Amino acid sequence: MSELRVRAGGLYTTVQDTGRFGHYHMGMPPSGAMDTYSAVVANMLVGNPDGAGVLEGTYVGPTLEFTDDRLVAVTGADVPVTLNDEPVEPWTAIRVRSGDVLGFAMIRAGCRAYVAVSGGIDVPVYLGSRSTYTLTGIGGHEGRKLVDDESLPLGAAEGPGRDGAVVPEDLRPDLTGTAELRTVVGLCSYRLTEGGLASFLGTDWKVTKDADRVGYRLRGGKLDFTEREQPFGAGSDPANVVDLGYPVGSIQVPGGDEPIVLLNDAVTGGGYATIGTVISVDRDRIAQTKTGDAVRFNSVDLDTALAARRDRRERIERVRSRIAR
Amino acid sequence: METTTLRVLPCGDTALLVESAGLDDVLALHAALDADRPAGVVDLVPAARTLLLRFDPDRTDVAAVERAVREACPRDVTRSGGELVEIPVVYDGPDLADVAHHTGLSERDVIAEHTGGEWTVAFGGFAPGFGYLTGGSPRLEVPRRPESRTRVPTGSVALAGTFSGVYPRSSPGGWQLIGRTDLVTWDVDRDPPALLRPGVRVRFVETTASADSGGSASTGGAA
């Protein structure tokens, strides 16, 4: 039986893949790796399909012991990684053998590290995905974060992974400085005054301690709305106060001073005005911010958002071809 | 069906929000698009006056999705005839007095109105297992709380707008809490896990005993 031993679960480590889609209407968010790029690239390094199960560690990574020959790769946050207490390179496929122990030191930049193992973390598929959604306890490993001294099933390592395959520096995300989040303003942004919108876009927001897979609450500015928040259901319109579906990445500002960016495990709908949506590519970037980090919203149009997406797909293909060599 | 009232709003690069005149229009549009799903659309999320379409931008684009929405022929949906679920409720919610105040009813009358008619799940959303119940007494229309609570207990029975709902698990929430139930509305070991799915009819039944109350007698009616 092939398994991965979890000696220490770390602070908040879960099994994730590229997400659970098609169940949004029943209130089921997609979950999945918060930093998709890093998760997909980690899988590529060890020869897995892009959507194989990986581990997402938060702040403090897990300690993992291997029980057979595997390739392992760590991507995402900038964090020192060790194999049997010796430093090893991140963004690199590393050959491990039975008894080898992978460990993490303190994170230097970013927030979430991804661990891919050849064969993938082979937890049962629930509603089409291996992603963990802890709020209702489904998916992943028993629907929860990992704890010390347990084991995870691994799939058969039959992929084309190659020991020493490495992602060049220029294809790794830059996690330093203020996180610039390209945002399509819209939906209910008309409820903000012009000054309110300018202040939303002009503020260096700070990530508060309320920042997790559900969403990020930010602080640092004040936004003026054109009118007081209308009570739900009062009168005939406008629609922005009636419950509606929230897309992942959407930004709402209850109270006017603390924007919340909804992320992979967020509620799927509700009655708050949404003033914009962080483009899909840059959700990877906010996922790599932590409490105290600075975040800015840059208004972009839809074409820019789509170009950014094409650009990322091209980066992923460049990684794929570099690794294949 | 009037389609000129549709307003299509972008939500980033992977979703569109279609605003419609009301719930019936939304459900009619949803039924049409669900029956003949446009290529690349991965999720259709109906809500009170909107339909959220999430799509895979690698397989389609905003213009194609918007075209599909505008060309869809909304079909009338009957929101009745579904399975009937009885929900036992202890009416001791912290907002019962506020609801009485808003509606001009006595607390007893609020309970009578809530238990007096049949509700129907119009759509789901918010959290897994949450169903938006419609068709109840129009006298129960109330605004949401001015401030939402950071933690609403599992099983809370609530009102907002013309809707009623049951919180399937502890979560933040801004609805008016009038009572609580022991009935498990979301259970991952059940297939399907959600009890309150679109089309299901609901009748609330007042009960006085609850496993939560600490009393010895429990007729809780947990699933």
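Residues numbered from 1 in each chain as written. Chains lettered and ligands numbered in written order. Predicted model: local features only at pLDDT ≥ 70, side-chain atom pairs only at ≥ 80, totals over all residues. Heavy atoms only, no water.

## Description of the overall build of chain A
- In terms of regular secondary structure, chain A is built from four helices and 20 strands.
- Taking 325 residues into account, the globule formula puts the C-alpha radius of gyration at 20 Å, and chain A, at 20 Å, falls close to it.
- Along the three orthogonal principal directions, the C-alpha set of chain A runs to about 65 × 35 × 30 Å.
- Accessible area of chain A: about 12100 Å², with a carbon and sulfur share of 50%.
- Between the mean site of the 35 positive side-chain charges and the mean site of the 44 negative ones, chain A shows a separation of 2 Å. (Helix = DSSP H or I, 4+ residues; strand = E, 2+ residues; numbered from the N terminus. Rg over C-alpha atoms; globule rule 2.2 N^0.38 Å. Areas by Shrake-Rupley, 256 points an atom, 1.4 Å probe, with all protein chains shown as cover. Lys, Arg positive; Asp, Glu negative; His and termini not counted. Charge placed at Lys NZ, Arg CZ, Asp CG, Glu CD.)

## Some thoughts on the packing of helix H1 (residues 36-45) of chain A against helix H4 (residues 302-324) of chain A
Residues and elements named next belong to chain A.
- Where H1 meets H4, the closest approach of the two axes is 10 Å, and the angle between their N-to-C directions is 20°. In this view, H1 runs roughly parallel relative to H4, as classed from their interaxial angle. Here H1 and H4 pass one another in a crossing that is right-handed. Contacts between H1 and H4 involve Thr 36, Tyr 37, Val 40, Val 41, Met 44 and Leu 45 from the first element and Arg 312, Arg 315, Ile 316, Val 319, Arg 320 and Ile 323 from the second. (Axes fitted to C-alpha atoms, helices over the stretch in contact; angles between N-to-C directions. Parallel < 35°, antiparallel > 145°, perpendicular 65-115°, else oblique. Left-handed = near helix turned anticlockwise from the far one by under 90°. Contact = heavy atoms within 4.5 Å.)

## Considerations on the domain arrangement of chain B
Residues and elements named next belong to chain B.
- Its domain assignment divides chain B into domain 1 (3-75) and domain 2 (84-220).
- If you average the C-alpha positions of domain 1 and of domain 2, the two centres end up 29 Å apart.
- With five residues of domain 1 at the interface, the matching set in domain 2 holds five residues.
- Roughly 350 Å² of surface becomes buried between domain 1 and domain 2 when both sides are summed, with 84% attributable to carbon and sulfur atoms.
- In this structure, the connection of domain 1 to domain 2 is made through zero salt bridges.
- Across the contact surface, domain 1 and domain 2 share zero residue pairs in polar contact (both at pLDDT 80 or more).
- Here the residues of the side of domain 1 that touches domain 2 are counted per class, giving five nonpolar, no polar and no charged. (Domains from an automatic or database assignment. Buried area = accessible area lost by both parts, 1.4 Å probe. Salt bridge = Lys/Arg side-chain N within 4 Å of Asp/Glu carboxyl O. Polar contact = N/O pair within 3.5 Å; in protein donor to acceptor, adjacent residues only side chain to side chain. Nonpolar A, V, L, I, M, F, W, Y, C, P; charged D, E, K, R; others polar.)

## Description of the interface of chain B and chain A
- Taken residue by residue, the interface counts 45 residues in chain B and 47 residues in chain A.
- With both chains or domains summed, chain B and chain A bury close to 3600 Å², and 60% of this area falls on carbon and sulfur atoms.
- For the chain B face of the interface with chain A, the top three residues by lost area are Asp13(B), Arg49(B) and Arg144(B), together amounting to 18%.
- Where chain B touches chain A, the interface holds two salt bridges.
- Between Arg309(A) and Asp58(B) there is a salt bridge, with the nearest N and O atoms lying 3.7 Å from each other.
- Across the chain B-chain A interface, the total number found is seven residue pairs in polar contact (both at pLDDT 80 or more).
- Among the elements that take part in the side of chain B that touches chain A, strand E3 (residues 41-46) of chain B stands out by supplying five residues, more than any other.
- Class assignment for the residues of the side of chain B that touches chain A results in 26 nonpolar, eight polar and 11 charged.

## Examining the sheet that holds strand E11 (residues 150-153) of chain A
Residues and elements named next belong to chain A.
- Judged by pairing direction, the sheet is antiparallel, and its six strands sit side by side in the order E7-E6-E9-E4-E1-E11 without closing on themselves. With one partner strand each, in any of the chains shown, strand E7 (86-88) and E11 form the two edges of the open sheet. Taking each pair of neighbouring strands and ignoring which way they run, the sheet shows an average axis angle of 30°.
- As defined by bridge partners, strand E4 (residues 63-66) adjoins strand E9 (residues 101-104) across two bridges and the pair is classed as antiparallel. Bridge pairing in E9 places Glu 65 opposite Val 101. (Pairing = 2+ DSSP bridges.)

## Things to note about the nonpolar core
Residue and element names in this part refer to chain A.
- Ranked by size, the top nonpolar core spans 43 residues in total, and within it Leu 45, Val 167, Tyr 216, Val 261, Phe 297 and Val 319 carry the most contacts.
- Examining the composition of this core, we find that seven residues originate from one element, H1, more than from any other.
- Here this core spans two domains, and each of domain 1 (3-173) and domain 2 (179-309) adds at least three residues to it.
- Excluding anything up to four places from it in sequence, Val 261 contacts Val 214, Gly 215, Tyr 216, Leu 218, Gly 249, Ser 250, Ile 251, Val 278, Ile 286 and Phe 297.
- By size, the runner-up hydrophobic cluster in this structure holds 26 residues, among which are Val 72, Val 81, Ile 107 and Leu 154. (Core = buried A, V, L, I, M, F, W, Y, C linked by side-chain atoms within 4.5 Å. Buried < 20%, exposed > 50% of the residue type's maximum accessible area, 1.4 Å probe, protein only.)

## Examining the side chain of Arg169(B)
- Relative to the helices and strands, Arg169(B) resides in the loop between strand E10 (163-166) and strand E11 (171-173).
- Lacking a salt bridge, the buried Arg169(B) has Asp265(A) as its closest oppositely charged neighbour, with an N-O distance of 9.0 Å.
- Within the structure, Arg169(B) has its side chain in polar contact with the side chain of Tyr133(A) (distance 3.0 Å).

## Overview of helix H1 (residues 23-35) of chain B
Residue and element names in this part refer to chain B.
- Taking 1.5 Å of rise per residue, 13 residues should cover 18 Å, and H1 covers 18 Å from first to last C-alpha, within 8% of that figure.
- Burial within H1 is extensive, with 10 of its 13 residues counted as buried.
- Residues of H1 that are buried: Leu 23, Asp 25, Val 26, Leu 27, Ala 28, Leu 29, His 30, Ala 31, Ala 32 and Leu 33. (Expected span 1.5 Å × (residues − 1).)

## What about the sheet that holds strand E12 (residues 179-185) of chain A?
Residues and elements named next belong to chain A.
- Reading around the circumference, E12-E19-E16-E17-E14-E13-E20 is the order of the seven strands in this closed barrel, with mixed pairing throughout. Each neighbouring strand pair of the sheet contributes to a mean axis angle of 40°, computed without reference to strand direction.
- Summarising the sheet, strand E16 (residues 250-252) and strand E19 (residues 274-278) pair through three bridges and their orientation is antiparallel. Bridging across to E19, Gln 252 finds its partner in Thr 274.
- With respect to the sheet, helix H2 (residues 194-202) is in contact with E12, strand E13 (205-211), E16, E19 and strand E20 (294-299), its orientation differing from that of E20 by roughly 130°.

## Quick word on the pairing of E4(A)
- Pairing between strand E1 (residues 3-8) of chain A and E4(A): four bridges, direction antiparallel. From the neighbouring strand, Val6(A) faces E4(A), where its bridge partner is Leu64(A).

## A word on the pattern of salt bridges
- Enumeration over the complete set of coordinates arrives at 37 salt bridges over all chains.
- With a closest N to O distance of 3.0 Å, Asp204(A) and Arg296(A) form a salt bridge. On the criterion of sequence distance, the pair formed by Asp204(A) in the loop between H2 and E13 and Arg296(A) in strand E20 is long-range, its members being 92 residues apart.
- Overall, the relative accessible area of 41% leaves Asp204(A) in the partly exposed class.
- A relative accessible area of 24% means that Arg296(A) is categorised as partly exposed.
- Among the ionic pairs, Asp58(B) bridges to Arg313(A), the shortest N-O distance being 2.3 Å. Remark: Arg313(A) occurs in helix H4 and Asp58(B) occurs in the loop between strand E4 (50-55) and helix H2 (62-71); the pair is interchain, linking two chains.
- Given a relative accessible area of 43%, Asp58(B) falls into the partly exposed group.
- The class for Arg313(A) is partly exposed, based on a relative accessible area of 36%.

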